[in-house]
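Geometric and topological summary
Now for the letters of each chain:
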Amino acid sequence: MELFLSGKHHTIIVKIYGELDHHAAIGVRESVDRELGRTGARNVAFDLSKVTFMDSSGIGVIMGRYKITKALGGRVIVYGASGDVKRIIEMSGIDSIAVVADSEEAGMREVEANV
Amino acid sequence: MYKNSMKVEFPNNSDNERFARTVAAAFILELDPTIDQLSEVKTAVSEAVTNAIIHAYEQDEGIVTMEGNICGDVVEFTISDSGVGIPDISRAREPLFTGKPEKEERSGMGFTIMETFMDTLDVQSEVGKGTRIMMSKKLK
Ligand SMILES: Nc1ncnc2c1ncn2[C@@H]1O[C@H](COP(=O)(O)OP(=O)(O)OP(=O)(O)O)[C@@H](O)[C@H]1O
Ligand SMILES: [Mg+2]
């Protein structure tokens, strides 16, 4: 997992590599929340383009960050998902609470429109 | 007709979620699954095993059992635990239902994903005794 701060967008960008299951979700959650507190960012963008496996625990992580960023007046952006990861995101209706985009550019355009 | 079976038992540690779905994937390789089928089976198994790990035993240690059976081109997995059980199975199977408090961040999508990615899903559970999930998929 890599975390970047995009200061211009007040956004923590979280790029997840490999598998996002319940076991991995615990670490992602902790790191993202620590960065939110440390940087004062209010948006979280999940880059899922390098995720090779994700189950419902990934949805839980996204929903959890939605609640936190909402309280900060920010948003969650999810982009880069393909295959079954994308199917699971669609199935869960996450697009009603988060910005779901195909690419980083499209996701960031949404953030810019929202900040 | 090709037949095979297997059984593994492991403690309810979260790192066994990956172990279990990797075993499940290796077990069905003989049937030449497509990449999509492989991914669907791994995800469904991961949901059932994760449920046994996080819901069945609360803070206690417990054993999760995974059995696999192949008969022709159909694979069936059974994931069982001897944990707390599910009081209302049809409610538990509803999309977005979770029995966990909000702070645990469960989405309640596990059973929905198992149903979508497998052909059949059967849930048996008795409060105080445990839970048994059976799911099957035709791989042709
Ligand atoms: N093996 C089990 N033992 C006890 N209760 C279970 C078991 N499996 C599922 N449940 C109950 O059924 C509910 C629904 O399960 P489901 O997998 O659909 O959602 P979840 O695990 O709560 O969330 P998610 O899978 O999205 O992280 C659980 O919250 C839990 O109350
Ligand atoms: Mg679950």
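Fair warning: this is a prediction, and the values are worked out from it, not measured in the lab. (Residues numbered from 1 in each chain as written. Chains lettered and ligands numbered in written order. Predicted model: local features only at pLDDT ≥ 70, side-chain atom pairs only at ≥ 80, totals over all residues. Heavy atoms only, no water.)

1. Quick notes on the sheet that holds strand β2 (residues 63-71) of chain B
All names here are of chain B. As summarised here, the arrangement of the five strands in space is β1-β2-β3-β5-β4, forming an open sheet in which the pairing is antiparallel. Every other strand in the sheet has two partners, leaving β1 (3-11) and β4 (120-126) as the edge strands with one partner each. Recorded for the sheet is a direction-independent mean angle of 10° between the axes of neighbouring strands. As defined by bridge partners, strand β3 (residues 74-81) adjoins strand β5 (residues 130-138) across eight bridges and the pair is classed as antiparallel. Paired with Phe77 across the two strands is Met135, which belongs to β5. Contacts from helix α1 (residues 16-28) reach β1, β2 and β3, with the element oriented near 175° to β1. (Pairing = 2+ DSSP bridges. Helix = DSSP H or I, 4+ residues; strand = E, 2+ residues; numbered from the N terminus. Axes fitted to C-alpha atoms, helices over the stretch in contact; angles between N-to-C directions. Contact = heavy atoms within 4.5 Å.)

2. Focus: the site of ligand 1
Surrounding ligand 1, one finds 21 residues, the nearest of these being His55, Thr98, Gly99, Arg106 and Ser107 of chain B. Residues within reach of ligand 1 are spread across chains A and B. One nitrogen or oxygen atom from the side chain of His55 of chain B is found 2.7 Å from an oxygen atom belonging to ligand 1. Summarising the interface, the protein chains cover 94% of the accessible area of ligand 1, which totals 600 Å² for the free molecule. The set of elements that each furnish at least two residues to the shell around ligand 1 consists of α2 (35-56) and α4 (110-117) of chain B. If one sorts the elements of the shell around ligand 1 by residue count, α2 of chain B sits on top with five residues. Split by residue class, the shell around ligand 1 holds eight nonpolar, 10 polar and three charged. (Near = heavy atom within 4 Å. Polar contact = N/O pair within 3.5 Å; in protein donor to acceptor, adjacent residues only side chain to side chain. Areas by Shrake-Rupley, 256 points an atom, 1.4 Å probe, with all protein chains shown as cover. Nonpolar A, V, L, I, M, F, W, Y, C, P; charged D, E, K, R; others polar.)

3. Re the pattern of salt bridges
It is possible for side chains of opposite charge to pair when their charged atoms get near one another. Tallied over the full model, the rule gives 18 salt bridges over all chains. With its nearest N and O atoms 3.6 Å apart, the salt bridge here joins Glu105 of chain B to Arg29 of chain A. Placement of the pair is Glu105 of chain B in the loop between α3 (89-92) and α4 and Arg29 of chain A in helix α1 (residues 22-39), with the two residues belonging to separate chains. A salt bridge links Arg65 of chain A to Glu105 of chain B; the shortest N-O distance between them is 2.4 Å. Taken together, the residues Arg65 of chain A in helix α2 (residues 56-71) and Glu105 of chain B in the loop between α3 and α4 connect one chain to another. Accessibility expressed as a relative area gives 0% for Arg65 of chain A, which makes it buried. Overall, the relative accessible area of 14% leaves Glu105 of chain B in the buried class. Salt bridges linked by common partners bring Glu19 and Asp21 of chain A together with Arg18 and Arg21 of chain B together as one network. (Salt bridge = Lys/Arg side-chain N within 4 Å of Asp/Glu carboxyl O. Buried < 20%, exposed > 50% of the residue type's maximum accessible area, 1.4 Å probe, protein only.)

4. Digging into the packing of aromatic side chains
The relative placement of two aromatic rings is captured by the distance of their centres and the angle of their planes. Scanning all chains against the criterion turns up two aromatic pairs over all chains. Summarising the aromatic geometry, the rings of Phe10 of chain B and Phe19 of chain B are spaced 5.9 Å apart at their centres and angled 85° between planes, so their arrangement reads as edge-to-face. By relative accessible area, Phe10 of chain B is classed as buried at 3%. Phe19 of chain B sits in the partly exposed class, given a relative accessible area of 37%. Over the face of the ring belonging to Phe53 of chain A we find Arg21 of chain B, whose NZ or CZ atom lies 4.0 Å from the ring centre. (Phe/Tyr/Trp six-rings, centres within 6.5 Å; stacked < 30°, edge-to-face > 60°. Lys NZ or Arg CZ within 6 Å of the ring centre and 35° of its normal.)

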